[in-house]
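# A closer look at the structure
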Amino acid sequence: MNPEQKERFARHIRLPQIGEKGQQAILDASALIVGVGGLGSPAAMYLAAAGIGKLVLSDYDIVETSNLQRQIIHREAAVGEHKVESGRQTVRALNPRCEVDVISYQLEGDELKRVVSSVDIVLDCCDNYPTRFDVNRACVATVTGAAIRLEGQIMNYQPAANSACYQCLYTHAYGAEESCELEGVLGPVVGVIGTMQALQALLILAGQGEAMVNRLLLFDAYAMEWQAVTLSKNPGCPACAKT
Amino acid sequence: MNISIEFYASLMKYLPPGQSRFRRDIKIEDGLLLNRLIESYHISPAEAHIVLVNGNYVNAEQRESRELAEGDVVSIWPPVAGG
């Protein structure tokens, strides 16, 4: 770590749980962010600010005016641009030393597996079950967030710790896909969940993910309540039962 | 027998009238099974995605045979998608 990096990340390095070793692990790490919307916005920005070495941003969508109330990585001037290009500009402005790759089409199939396997951690910030299942089946460290209306949840999958995975909890798609477009969402709710995803990812990358194994966090903003749940691996899980 | 129920997020609509946004203290018959309690509020199995008793996760199979006890707190959350 050079003197500029030591100054920039001094408040991280000061923490005994991170230190120079943890910060170096973050600097050397790469992350795939699937979905650069409400969850992916704060997730990408906090990881870039924290010094992550490389981000791969994946989203096929275009920035729309109705996104701006919550997708804080996108500026008004970016309406009409690909979300990944708008996201890249914000990330590069925050931290020019963060390498950014973008994928502006639907990431799926073999290519999804290849990209997922090429990074150290995945942040699942998407808005649909099929993509979440595809990411989960690729079996790499993943932090999954979901949020809609005034509710949200975060969980993580740490294969090295033989933890429960997303499909231990969500075995199949649940009914009609709900969307923020139809149901609504209060902006900071996705901000809270996306920020928690970045926090969990940084702790996992710094080697401090042990306390999060098999932990599901549920958030109800209207009740202003959090609930932490201990999960067990599902022996009949369609994704991880054999691993 | 006295227990408490907590219905979160979109399940709050199933709560009987009361003060708290998400919690009610109720009386039930001794030995009531967890699934029977959930059914009595007309919450479908798909909606009752995450069910906790005293903060501990109870999976769908276990809910069939789990008897409730005095003082239990039953918390129910729906599935959450979107992002």
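Reference entry: report on the structure contained in this document. In this text the structure is predicted, and so the values were computed from the model without any measurement.

As a further point, take the pairing of strand β1 (residues 30-34) of chain A. Residue and element names in this part refer to chain A. Judged by how many residues are buried, β1 sits mostly within the fold: five of five residues are covered. A two-sided burial pattern is seen for β1, the buried positions comprising Ser 30, Leu 32 and Val 34 on one face and Ala 31 and Ile 33 on the other. Pairing of β1 with strand β2 (residues 54-58) involves five bridges; the strand directions are parallel. Note that in β2 the partner of Val 34 across the bridge is Ser 58. Handedness of the β-α-β unit built from β1, helix α4 (residues 40-49) and β2 comes out right-handed.

This part is about the interface of chain A and chain B. By a frequent convention, interface size equals the accessible area lost on bringing the separate parts together. Between chain A and chain B, the residue contacts involve 33 residues of the former and 21 residues of the latter. Taken together, the two surfaces of chain A and chain B that pack against each other cover about 2200 Å², and 62% of this comes from carbon and sulfur. The tally of links from chain A across to chain B stands at zero salt bridges. Taken together, chain A and chain B are joined by nine residue pairs in polar contact (both at pLDDT 80 or more). Residue assignment for the side of chain A that touches chain B shows that the elements contributing at least two residues are α7 (129-137), β5 (142-148), β6 (151-157), β7 (215-220) and β8 (225-230) of chain A. Counting residues per element, the side of chain A that touches chain B draws most heavily on β8 of chain A, at five residues.

Membership of the largest hydrophobic core comes to 68 residues, with the highest contact counts inside it found for Ile 33, Leu 47, Ile 52, Leu 55, Ile 121 and Leu 123 of chain A. With eight residues, helix α10 (residues 187-205) of chain A is the largest single contributor of residues to this core. Setting aside residues up to four positions removed in sequence, Leu 55 of chain A forms contacts with Ala 31, Ile 33, Ala 44, Leu 47, Ala 48, Val 91, Cys 98, Glu 99, Val 100 and Asp 101 of chain A. In terms of nonpolar packing, the next biggest core, distinct from the first, is built from 20 residues, Leu 11, Ile 38, Ala 48 and Val 74 of chain B among them.

What counts and how
- Residues numbered from 1 in each chain as written.
- Chains lettered and ligands numbered in written order.
- Predicted model: local features only at pLDDT ≥ 70, side-chain atom pairs only at ≥ 80, totals over all residues.
- Heavy atoms only, no water.
- Buried < 20%, exposed > 50% of the residue type's maximum accessible area, 1.4 Å probe, protein only.
- Helix = DSSP H or I, 4+ residues; strand = E, 2+ residues; numbered from the N terminus.
- Pairing = 2+ DSSP bridges.
- Right-handed = clockwise from strand over helix to strand, strands pointing away.
- Contact = heavy atoms within 4.5 Å.
- Buried area = accessible area lost by both parts, 1.4 Å probe.
- Salt bridge = Lys/Arg side-chain N within 4 Å of Asp/Glu carboxyl O.
- Polar contact = N/O pair within 3.5 Å; in protein donor to acceptor, adjacent residues only side chain to side chain.
- Core = buried A, V, L, I, M, F, W, Y, C linked by side-chain atoms within 4.5 Å.

On their own, these measurements won't tell you what the molecule is for.
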